[in-house]
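# Descriptive analysis of the structure
Here's the letter readout for the chains.
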Amino acid sequence: MVEMERKFKGIWIPAEIWLSDEINMQQKAMLGEIDSYKVYFASNAHLAEKMSLSVPRVKALLSDLRGKGWIKQKEIRKGQLTVKRTIWINKNKLLGIENDTNSIDGIENDTN
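Throughout what follows, the structure given in this document is the object of discussion. (Residues numbered from 1 in each chain as written. Predicted model: local features only at pLDDT ≥ 70, side-chain atom pairs only at ≥ 80, totals over all residues. Heavy atoms only, no water.)

### Considerations on the nonpolar core
Where we set the bar: In this text, buried Ala, Val, Leu, Ile, Met, Phe, Trp, Tyr and Cys residues form a nonpolar core when linked through side-chain atoms within 4.5 Å. Only protein chains enter the accessibility calculation, which uses a 1.4 Å probe. A residue is then buried if its area is under 20% of the maximum for its type, exposed if over 50%, and partly exposed in between. Helix and strand assignments come from DSSP, with helices taken as H or I runs of at least 4 residues and strands as E runs of at least 2, each series counted from the N terminus. Any pair of residues with heavy atoms lying within 4.5 Å of one another is described as a contacting pair.
Counting 21 residues, the largest nonpolar core has Met30, Leu31 and Leu62 as the members making the most contacts within it. Taken together, the elements giving at least two residues each to this core come down to α2 (25–35), α3 (44–51), α4 (55–67) and β2 (81–89). The biggest single contributor to this core is α4, with four residues. With residues near it in sequence (within four places) discarded, leucine 31 still touches Ile17, Ile23, Leu65, Trp70, Ile71 and Ile89.

Written out as structure tokens, the structure reads:
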């Protein structure tokens, strides 16, 4: 696994996340974990281990956070295989901006 750049000093959870009634405590902690990296591209299994959760639970939490607009995700695939997934906090959600038209969110396929 490629090392992600991180200067770990604890988890900071912005007030907008902490005070949100839209998400639960596991999701708030997950957002804090994701946001503590410059670029987050760990697997669901890695995130599950870090948070003491099951992989299916991590998938469900990430799916819900994407659906609510808290995170953005980009996947690079070779056929059916995801070779890299990047996740980041949707900063516009923190700022209360509903329509985020300038972000990347999707899948890139490598057909080679």
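Right, picking up where we left off after that structure.
### Observations regarding the pairing of β2
Defined as follows: Two strands are said to pair when DSSP picks up at least two bridges between them.
When strand β1 (residues 71–78) meets β2, the two strands line up antiparallel, connected through eight bridges. Across the sheet, glutamate 75 pairs through a bridge with arginine 85, a residue of β2. Where β1 folds back onto β2 in an antiparallel hairpin, the turn is made up of two residues, including glycine 79, whose phi is positive at roughly 65°.

### Structural notes on α2
For the record, the criterion: Polar contacts, as counted here, are pairs of nitrogen or oxygen atoms within 3.5 Å of one another; within protein the pair requires one atom able to donate a hydrogen and one able to accept it, and residues that are adjacent in sequence qualify only if both atoms are side-chain atoms.
Every buried residue belonging to α2 is among Gln27, Lys28, Met30, Leu31, Gly32, Glu33 and Ile34, and all of these are buried. Contact partners of the buried residues in α2: α1 (15–18), α3, α4, β1 and β2. For α2, the N-terminal capping position is held by asparagine 24, with its side-chain oxygen 3.0 Å away from the main-chain nitrogen of glutamine 26.

### Describing the packing of aromatic side chains
Here is the rule: Any two of the Phe, Tyr and Trp rings considered here, Trp counted by its six-membered ring, make a pair once their centres fall within 6.5 Å; the pair's planes then place it as stacked at under 30 degrees, edge-to-face at over 60, or tilted in between. For a ring to carry a charge above it, either NZ of a lysine or CZ of an arginine must fall within 6 Å of the ring centroid while also lying within 35 degrees of the normal to the ring plane.
Enumeration according to the criterion identifies one aromatic pair in this entry. With a centroid separation of 5.1 Å and an interplanar angle of 65°, the aromatic rings of tyrosine 37 and tyrosine 40 are classed as edge-to-face. Stacked on the ring of tryptophan 18, the Lys or Arg lysine 28 has its end atom at 5.9 Å from the ring centre. We note lysine 84 situated over the ring of phenylalanine 41; from NZ or CZ to the ring centre the distance is 5.2 Å.

### A few points about a nonpolar patch on the surface
To be explicit about the condition: Patches were defined on residues exceeding 30% relative accessible area and lacking a salt bridge, with like-charge contacts within 9 Å and nonpolar side-chain contacts (Val, Leu, Ile, Met, Phe, Trp, Tyr) within 5 Å. Working definition of accessibility: Shrake-Rupley area with a 1.4 Å probe, residue cover restricted to the visible protein chains. Salt bridge criterion: a side-chain nitrogen from Lys or Arg within 4 Å of a carboxyl oxygen from Asp or Glu.
A surface patch of nonpolar side chains, about 360 Å² in accessible area, is lined by Trp18, Leu19 and Met25. By relative accessible area, which is 46% here, tryptophan 18 ends up partly exposed.

### Considerations on the environment of leucine 62
Counting through the fold element by element, leucine 62 comes out in helix α4. For the pair leucine 62 and isoleucine 87, spaced 25 residues apart in sequence, the C-alpha to C-alpha distance is 9.4 Å. Not counting chain neighbours up to four residues away, the residues in contact with leucine 62 comprise Met30, Ile34, Asn44, Leu47, Ile71, Arg85 and Ile87.

### Examining unusual backbone geometry
Of note, the phi angle at serine 52 is positive, near 55°, even though the residue is not glycine. Here serine 52 is to be found in the loop between α3 and α4. On the accessibility criterion, serine 52 (70% relative accessible area) is exposed.

Interpretation note: all reported values are geometric properties and have no functional meaning in isolation.
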